[in-house]
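Examining the three-dimensional arrangement
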Amino acid sequence: MMLHKRVRRFSMLLAASAVLALSSPAFAQDVSESHLKAARAAVAAIHATDTFDNILPQAAGALEAQLIQKNPDMQELIGKTVAEKALGLASRRADLEKEAALAYAKVFSEQELNDIATFYSSAAGKKLLDSGPAVTRDLVKAADIWQNGVARDLAQQVGETIAAAAKAAAPAAPAPDATAPADNSAPADNSAPADNSAPADDSQN
């Protein structure tokens, strides 16, 4: 998962957990103003609630399309009314910011929140948020190439080792019998005379 998405997803989870945080009045009362301020700064620094920017516009667009489909003759009035009412609800975005700040305050100490805000407000922190996704994509590509190379070399080395072991364990071929005549020829002793000639008769003078 890309670093940028990790930060955003973590922010979304914390913002969602704000409902539980707010369900405890004691916790809300225990959060000091300085702690909450630090949480707000951290939320703003990491753009924790940016992913929710389109919620109201999308809801307004969907409602407008639905109403116009049912009442096409009132399209102008519907569009104007939806836009006005949506604009009036935009101020409620502050409620989400407060809930997000409380969620972060529940997890992080005031000092930790100050550290987070300081880093992500710095040039390095901003660059991490902006360039993190591109760096992560390059890292994923490099990891894929590395993975393929490692898998290839592993398979090759294991194959070579197994092949060598199998060759060493194979039974050796029997050595040829040195006493056996070559090409099925008769043994030297009592061999037949060449050209089938009769043996010389030494008995005659």
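To start, this report covers the structure provided alongside it. In every chain, residue numbers begin from 1 and rise along the written sequence. In keeping with the predicted nature of the model, local features appear solely for residues at pLDDT of at least 70, side-chain atom pairs appear and are counted solely at 80 or more, and the whole-chain, interface and lining totals rest on all residues. As a rule here, side-chain values cover all heavy atoms of the structure and leave hydrogens and water aside.

Looking now at the layout of surface pockets. Once rolled over the atoms, a probe with the size of a water molecule shows which space is left empty. In this structure, the largest pocket spans a volume of roughly 280 Å³. Grid points spaced at 1 Å and placed over the protein atoms alone form the basis of the search, with a cavity being a set where a 1.4 Å probe fits but cannot get out and a pocket an open set showing protein on both sides within 12 Å along at least five of seven lines. Lining residues have an atom within 4 Å of a point. The wall of the largest pocket is formed by Phe 52, Asp 53, Ile 55, Leu 56, Pro 57, Leu 89, Ala 90, Arg 92, Arg 93 and Leu 96. Helix and strand assignments follow DSSP, with helices taken as H or I runs no shorter than four residues and strands as E runs no shorter than two, numbered in order from the N terminus. Elements with a minimum of two residues in the lining of the largest pocket: helix H5 (55-70) and helix H7 (93-107). Here the element with the most residues in the lining of the largest pocket is H5; it accounts for 3 residues. Any residue outside Ala, Val, Leu, Ile, Met, Phe, Trp, Tyr, Cys, Pro, Asp, Glu, Lys and Arg is labelled polar, Gly included; the first ten of those are nonpolar and the last four are charged. Tallied by class, the residues present in the lining of the largest pocket amount to 7 nonpolar, no polar and 3 charged. Grid points are joined across faces, edges and corners, and a volume is the space filled by probe spheres set on the points.

A pair of aromatic rings is counted whenever rings of Phe, Tyr or Trp (Trp by its six-membered ring) have centres within 6.5 Å, and the orientation is called stacked for planes under 30 degrees apart, edge-to-face for over 60 and tilted otherwise. For the coordinates displayed, the defined rule picks out 2 aromatic pairs. Note on Tyr 104 and Phe 108: the rings are 6.0 Å apart at their centroids and 20° apart in plane angle, and the pair reads as stacked. Residue Tyr 104 is classed as buried on the basis of its relative accessible area, which comes to 2%. Ring geometry for Phe 119 versus Tyr 120: centroids 4.9 Å apart, planes at 80°, classification edge-to-face. Only protein chains enter the calculation, and the probe is 1.4 Å; a residue is then buried if its accessible area is under 20% of its type maximum, exposed if over 50%, and partly exposed in between.

A few words now on the nonpolar core. One broad rule of soluble globular proteins: the nonpolar side chains tend to lie buried together. Within the largest apolar cluster, 20 residues are counted, with the highest numbers of intra-cluster contacts made by Ala 39, Ile 46, Tyr 104, Leu 113, Ile 116 and Tyr 120. Of all the elements in the fold, those that place two or more residues in this core are helix H4 (33-45), H7 and helix H8 (110-121). Ranked by the residues each element gives to this core, the list is headed by H4, at 6 residues. When sequence neighbours within four positions are dropped, the list of residues in contact with Leu 113 reads His 35, Ala 38, Ala 39, Ala 42, Tyr 104, Ala 105 and Phe 108. Ala 60, Ile 78, Val 82 and Ala 86 belong to the second-largest nonpolar core, a separate cluster that totals 5 residues. For the purposes of this section, nonpolar cores are sets of buried Ala, Val, Leu, Ile, Met, Phe, Trp, Tyr and Cys residues that join through side-chain atoms within 4.5 Å. Should any heavy atoms of two residues lie within 4.5 Å, those residues are considered in contact.

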